[in-house]
Amino acid sequence: MSRSPKIPSGEITPEGDYFDRRRFLRGGLLAGSVLTTGTAYRLLNSPGGEEIETAPLRDLVSSTGETAAGPQPSLTTTEPAANGGAGSATGGTEPLPGTPIASQPPPIQPVVEPAPVDPPPTPPAAVTTTPPEVPANDPFETPTESPAPDAAVASAPAEPEADRAGFSTEEKQTPFRNIANYNNFYEFTTSKERVAAAARRFQPRPWSVQVDGLVQQPREFDLEEILRLAPPEERIYRMRCVEGWSMVIPWAGFSLSRLLKQVEPLGKARYVAFQTLHDPQRMPGQKVPVLEWPYVEGLRLDEALHPLTLLASGLYGKELPNSCGAPLRLVVPWKYGFKGIKSIVRITLTENQPPTSWNVAAPYEYGFYANVNPEVDHPRWSQATEQRLGEFGRRKTVLFNGYADQVAHLYAGMDLRRWF
Amino acid sequence: MSSEIQFIRLLVLLNGAVPAALLAWDALRGELGANPINFAIRTTGTLALIFLVLTLAVTPLVRLAGWNWFTPNRRVLGLYAFFYALAHFLIFFSLDRELSLSSTLSEMALRPYLAVGSLGLLLMVPLAVTSTNRMIQRLGTSRWKRLHRLTYVAAIAGVAHYTMLVKADLRWPLAFAVLLMVLLGWRAYTAATGPAPRPPGPAGRTPRRSAPLPDTAG
Ligand code: HEM
């Protein structure tokens, strides 16, 4: 600072200067070490918060069955997140600043009437007349079947009004930023806050889905073919994670039954098995054997055909972010979140109950059914309450995550403790 | 020389507070992510474990490197471990359990991972209380040393607690377990093979102000 470096300092530095320099050095050391510690903390303990943009969905049908021709109530109910940052404070219509918003007039699709197609005189036969563990032989004799199942043109929601119960909720929606930055997606990383960053470069297109097994017409679908089966419809579902937290998510997609109809399941088929992409190059978390890869999930056929069971391709009116399972994922709102398998590449109809990843990893902790149930604790923690993200304090967990009216009959007579 | 030692202590003191300061700052800004309470619980829990490990690393470091002057920092590190573990518990109690004593206690009793964590925290209370020079003198060095070996149990409880709560990815808890095994293994080894020769450090290295602190403790 003040001395020439050529002069041996110990010999001639006046005492005052010497201490000045030492103080200066120490100050630098203190600042440097604090900076290092702070940086290490930031790097190792990131709370997430990636800015994520995906393309807006075309032809989005609102949860009441109408196309999104204007600001939708369901998309505007989101208030600034109590815990959110700048990105989430803009509300549901514009999850991220500068992002094209979903509620803009759709470019192509005119208003689609929510009129039920083929109104059913009775509730779907497959679910009401089926013993709990043996789905009906031909579950496709449901009133929802349309005479032209392979209509490639987007049509009105196939579900009759009676089946649409539970398709929406008035509960406050979790901000997009939080949905996209808090994910259990071990294919990328086991840290929920880091999935978004780890999945940033994942390319979900091109993509295809093999649908096979006990079906009349096994085939490989190109992603676009699947997306054309029906217009994406908004479904506002509660999502309860087995870890004890929950969200309210405005998904977009259509009932899985629409895809299954295309392949004409055989009478023998009783279960549906799902598989996530297995590609450690694109999904680096798969280089670590924390679970058996690929991730697999399964449903009973009657569960898979339930109108609530959603094949989702978007959320908040936009394509699915990578962190949420782009380009195509399953959503089963009355079950714990891990049943909602992400980035699906294969769907196979089977006669026997297929293996499911978490059940294989820890059979005593995660059952095949994994229905949300406050009475049946996880062996290591309670399931009685949940932390709804954005809320202060925990709320009580509800049986079947609040969808009991819609799905309880599927499990009539079953011991839910045994079949957890 | 002693001003250098004091400077190092200041360095340790300040850096130990950095994570707490950043956590508090992020909390005030609402930047703890999607699940802020759980994030704060996990952050403080991890910090408690890190400081427990750092505390247990002091003695081997002092012995192997001959840094006798570093020993007093062990107290600061240990108190930080306690401080973070206490904050960890208090956040759980106040924000997760919403100050409900019954729900906190029943969870602690019902969930083995919480019971084990609670054991770890409880064991650290007498250690924090007896961390002052006065208490060391009152207890006498050898009794104090014996008491403070509870740190080993607290750290083992902390790692067990962590291991018991993860769903599938055991890498971090196992990393802590390995570190702890090395640190405790070193102690077992030196205890079995007799005390390591004290490095003949220059007189100036002996910390002046913490003379009563037993710097040879395992
Ligand atoms: C020696 C004392 C303790 C240590 C070292 C410790 C350490 C930890 C660690 C390392 C984690 C995991 C952090 C992560 O997932 O990244 C954790 C989580 C947790 N600890 Fe502790 N803990 C201690 C005591 C306690 C006590 C007394 C309680 C409450 C009674 C408690 C409740 C919890 C809870 C609720 C979690 C979060 C679990 C979750 O994320 O689901 N801990 N702790």
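Placed above this text is the structure.
For clarity, every value in this text was computed on a predicted model and none was experimentally measured.

(A) Expanded view of the coordination of the iron atom of the ligand. Residue and element names in this part refer to chain B. Every protein donor of the iron atom of the ligand is accounted for by H88 (NE2) and H161 (NE2), and the metal-donor separations fall at 1.9 to 2.0 Å. Because the angles between the 6 donor atoms bound to the iron atom of the ligand fall within 86 to 179°, the donor set is best described as octahedral. Pair noted here: H88 is in helix 3 (residues 73-96) and H161 is in helix 8 (residues 150-165), with a separation of 73 residues, a long-range link. Exposure class is identical for H88 and H161. Each is buried.

(B) Focus on the packing of aromatic side chains. Residues and elements named next belong to chain A. By the definition in use, this model includes 24 aromatic pairs over all chains. Look at Y186 and W358: their rings are 5.6 Å apart centre to centre, the planes differ by 75°, and that puts the pair in the edge-to-face class. Placement of the pair is Y186 in the loop between helix 5 (176-180) and helix 6 (195-198) and W358 in helix 10 (residues 357-361), with a sequence separation of 172 residues. Classification of W358 as buried rests on a relative accessible area of 5%. Plain terms: the ring middles of Y369 and W419 are 6.3 Å apart, the flat faces sit at 80° to each other, and that makes the pair edge-to-face. Here Y369, found in the loop between helix 10 and strand 11 (385-388), pairs with W419, found in the segment after helix 11 (404-407); they are 50 residues apart in sequence, far enough to count as distant. Its relative accessible area of 2% is what places Y369 among the buried residues. What makes W419 partly exposed here is its relative accessible area of 27%. Grouping aromatic residues by their ring pairs yields a cluster made of Y271, F368, Y369, F400, Y411 and W419. Sitting over the face of the ring of F185, K342 holds its NZ or CZ atom 5.0 Å from the ring centroid.

(C) Here's a closer look at the environment of L139 of chain B. Structurally, L139 of chain B can be placed in helix 6 (residues 133-139). Sequence-distant contacts of L139 of chain B, defined by excluding residues within four places in its chain, comprise T130, W144 and L147 of chain B.

(D) Quick look at the sheet that holds strand 10 (residues 344-350) of chain A. Residue and element names in this part refer to chain A. Taken in spatial order, the 5 strands make up an open sheet running 2-1-10-5-6, and their pairing is mixed. Two strands bound the open sheet, and with one partner strand each, they are strand 2 (219-222) and strand 6 (296-300). With strand direction ignored, the average angle separating the axes of adjacent strands in the sheet is 20°. Two elements, strand 1 (residues 208-213) and strand 10, share 4 bridges in a ladder whose sense is parallel. Along strand 10, the bridge assignment pairs V211 with I347.

(E) Region of the structure containing the interface of chain B and chain A. Each partner contributes residues to the interface: chain B has 40 residues there, and chain A has 44 residues. At the junction of chain B with chain A, the criterion picks out 8 salt bridges. As a salt-bridge pair, R394 of chain A and D96 of chain B come within 3.2 Å of each other at their nearest N and O atoms. For the pair chain B and chain A, the interface holds 17 residue pairs in polar contact (both at pLDDT 80 or more). Those elements giving two or more residues to the side of chain B that touches chain A turn out to be helix 1 (2-28), helix 2 (36-65), helix 3 and helix 8 of chain B. Examining the composition of the side of chain B that touches chain A, we find that 13 residues originate from one element, helix 1 of chain B, more than from any other. Class assignment for the residues of the side of chain B that touches chain A results in 20 nonpolar, 7 polar and 13 charged.

(F) The arrangement of the packing of helix 4 (residues 101-110) of chain B against helix 5 (residues 112-129) of chain B in detail. All names here are of chain B. Running from amino to carboxyl end, helix 4 crosses helix 5 at an angle of 100°, the nearest separation of the two axes being 5 Å. The angle between helix 4 and helix 5 falls in the class roughly perpendicular. Only P112, L114, A115 and S118 of helix 5 make contact with helix 4, whose side of the interface consists of E107, M108 and L110.

(G) Just the site of the ligand, in detail. All names here are of chain B. Taken together, 22 residues sit near the ligand, with N38, G45, H88, L114 and H161 positioned nearest. In the environment of the ligand, an oxygen atom lies 3.0 Å from a nitrogen or oxygen atom belonging to the side chain of N38. In this structure, H161 approaches the ligand through a side-chain N or O atom, which is 2.8 Å from a nitrogen atom. At the level of elements, helix 2, helix 3, helix 5 and helix 8 are the ones that each hand at least two residues to the shell around the ligand. Among the residues forming the shell around the ligand, the class breakdown is 12 nonpolar, 9 polar and 1 charged.

(H) Structural view of helix 2 of chain B. Residue and element names in this part refer to chain B. For helix 2, with 30 residues, the first-to-last C-alpha span of 41 Å sits near the 44 Å given by 1.5 Å per residue. Taken as a whole, helix 2 carries its principal kink of about 30° at A57; the proline P60 stands between one and four residues after it. Residue G66 follows helix 2 closely and has a positive phi angle near 75°.

Conventions used here
Residues numbered from 1 in each chain as written. Chains lettered and ligands numbered in written order. Predicted model: local features only at pLDDT ≥ 70, side-chain atom pairs only at ≥ 80, totals over all residues. Heavy atoms only, no water. Donors = N, O, S within 2.8 Å, 3.2 Å for Na, K, Ca; no water. Tetrahedral: all angles 85-135°; square planar, octahedral: opposite > 155°, others 65-115°. Helix = DSSP H or I, 4+ residues; strand = E, 2+ residues; numbered from the N terminus. Buried < 20%, exposed > 50% of the residue type's maximum accessible area, 1.4 Å probe, protein only. Phe/Tyr/Trp six-rings, centres within 6.5 Å; stacked < 30°, edge-to-face > 60°. Lys NZ or Arg CZ within 6 Å of the ring centre and 35° of its normal. Contact = heavy atoms within 4.5 Å. Pairing = 2+ DSSP bridges. Axes fitted to C-alpha atoms, helices over the stretch in contact; angles between N-to-C directions. Salt bridge = Lys/Arg side-chain N within 4 Å of Asp/Glu carboxyl O. Polar contact = N/O pair within 3.5 Å; in protein donor to acceptor, adjacent residues only side chain to side chain. Nonpolar A, V, L, I, M, F, W, Y, C, P; charged D, E, K, R; others polar. Parallel < 35°, antiparallel > 145°, perpendicular 65-115°, else oblique. Near = heavy atom within 4 Å. Expected span 1.5 Å × (residues − 1). Bend = angle between axes of the 7 residues up to and from the residue.

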